[in-house]
Amino acid sequence: ITLFMFLGGVDFVLHYQALRGNWRPLWNSTELVHYVLICFALGMTVSLVLWLDNDYDSLWESMRFGFFQVISLLTTTGYATADYEFWPTMAQYIIFFSLFIAACSGSTTSGVRIIHIVVFFRFMRRMIIKMARPFAVTTVNVDGRILDMSLVNNVLGLIALHLHMLLLGSVLISFLSPGTDWWTSFTVMMASLWNTGPAFGDIGPTENYSHLSDVATWFLSLVMLAGRFDIFTVMILFYPSFWKTTR
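All values derive from a computational prediction rather than experimental measurement.

(A) Expanded view of the confidence of the model for the protein chain. Considering every residue of the protein chain, the mean pLDDT works out to 89; 99% of them sit at 70 or more. Model confidence for the protein chain, summarised as mean pLDDT per element, is weakest for helix α12 (residues 240–245) at 73 and strongest for helix α4 (residues 30–52) at 94.

The structure is reproduced here in structure tokens:
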């Protein structure tokens, strides 16, 4: 099951190329390489923490639970085989970090995907180089191609929009559903916006959304749709200029 979830997070175009016998795009995909590295690093870290804390009898069993939970959240599958809120603090930090990362673009996942994170960090590296060497000519490259800065700005705008919606939405949840603590409001907004399923607090892997108010539930349902359809796609529908240009 873990393997199928992992494959579900891979760009479907790469699946198509592989089925046709063309494996070169897989080796040349920057996003896929980082996806594999991130899954391995996070999954292995959680597994080692669980094993060293003696939560499970063997390293293999720790890896089975650790990798499953990390990949389930990374791919926004939403499954849970253990209550990770009882895991060691370090493991919970890794699980929480996994909520911020989706899998590859072109897959069934939603949220800030691997390629967005790659572009963000390469842009930050470019900025640091420009600060140290103002006259240096630097670019943001992905898969051996130079990205236009307008595309990079779109990625940065998408990340900023997600983070702002996360913060504003968590405050709104606390208002719409009185009695909900800030930690639950924050993580339930993460789980809804990025379609990860379980989160932390009262929306942990063994809890559900039933204690939230009806208004909060409707709001989170709309947030889920917006996160799945892509926020920019939904927001542009509310701009009058969009409808004027499509007439």
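(B) Structural detail: the nonpolar core. Counting residues in hydrophobic clusters, the biggest one holds 65 residues, and the most contacted among them are Y35, V46, W87, I95, V119, V152 and M190. When residues of this core are assigned to their parent elements, the largest contribution, eight residues, is made by α4.

(C) Just the packing of aromatic side chains, in detail. One pass over the structure, following the stated rule, counts 14 aromatic pairs. Taking 6.4 Å as the distance between ring centres and 35 degrees as the angle between the ring planes, the aromatic pair formed by F96 and F186 counts as tilted. Of this pair, F96 sits in helix α6 (residues 89–98) while F186 sits in helix α9 (residues 182–193), and the two are 90 residues apart along the sequence. Taken as a pair, F96 and F186 share a single burial class, namely buried. An angle of 80 degrees between the planes, with centres 5.4 Å apart, marks the rings of F120 and F121 as edge-to-face. For F120, a relative accessible area of 29% gives the class partly exposed. Residue class for F121 comes out exposed when judged on its relative accessible area of 55%.

(D) Representation of α6 within the structure. Every buried residue of α6 is accounted for by A91, Q92, I94, I95, F96 and S98. Lining the buried residues of α6 we find α4, α5 (59–74) and α9.

(E) Examining helix α8 (residues 149–176) more closely. Between its terminal C-alpha atoms α8 stretches 39 Å, which fits the 40 Å expected from 28 residues at 1.5 Å a residue. The set of residues buried in α8 consists of V152, V155, L156, L158, I159, L161, H162, L166, G169, S170 and I173. Residues of α8 that are buried make contact with α7 (114–132), α9, α10 (214–229) and α11 (231–236).

(F) A look at the environment of D83. Residue placement: D83 occurs in the loop between α5 and α6. In this structure, the C-alpha to C-alpha distance between D83 and F200, residues 117 residues apart in sequence, is 9.9 Å. Aside from chain neighbours lying at most four places away, what touches D83 is P205 and T206.

(G) Molecular detail of the state of the cysteines. The full count for this structure, using the stated rule, is zero disulfides. No disulfide involves C39; its sulfur sits 8.1 Å from the nearest other cysteine sulfur, which is in C104. We classify C104 as buried; its relative accessible area is 1%.

(H) Quick look at the packing of α4 against α5. Remark: α4 packs on α5, axes separated minimally by 8 Å, with the N-to-C direction vectors making an angle of 135 degrees. Comparing the axis directions of α4 and α5 gives the class oblique. In this structure, α4 meets α5 at a crossing whose hand is right-handed. Where α4 abuts α5, its residues I38, C39, F40, L42, G43, M44, V46, S47, L48, L50 and W51 lie against L59, S62, M63, G66, F67, V70, I71 and L74. Looking at side-chain class alone, the contact of α4 with α5 contains 15 nonpolar, four polar and no charged residues.

(I) Region of interest: unusual backbone geometry. Its identity is not glycine, yet T76 carries a phi of approximately 55 degrees, on the positive side. By the element assignment, T76 lies in the loop between α5 and α6. The phi torsion at D143 lies on the positive side, around 55 degrees, for a residue other than glycine. For D143, the location among the structural elements is in the loop between β1 (141–142) and β2 (145–146).

What counts as what
Residues numbered from 1 in each chain as written. Predicted model: local features only at pLDDT ≥ 70, side-chain atom pairs only at ≥ 80, totals over all residues. Heavy atoms only, no water. pLDDT = per-residue confidence, 0-100. Helix = DSSP H or I, 4+ residues; strand = E, 2+ residues; numbered from the N terminus. Core = buried A, V, L, I, M, F, W, Y, C linked by side-chain atoms within 4.5 Å. Buried < 20%, exposed > 50% of the residue type's maximum accessible area, 1.4 Å probe, protein only. Phe/Tyr/Trp six-rings, centres within 6.5 Å; stacked < 30°, edge-to-face > 60°. Contact = heavy atoms within 4.5 Å. Expected span 1.5 Å × (residues − 1). Disulfide = S-S within 2.5 Å. Axes fitted to C-alpha atoms, helices over the stretch in contact; angles between N-to-C directions. Parallel < 35°, antiparallel > 145°, perpendicular 65-115°, else oblique. Left-handed = near helix turned anticlockwise from the far one by under 90°. Nonpolar A, V, L, I, M, F, W, Y, C, P; charged D, E, K, R; others polar.

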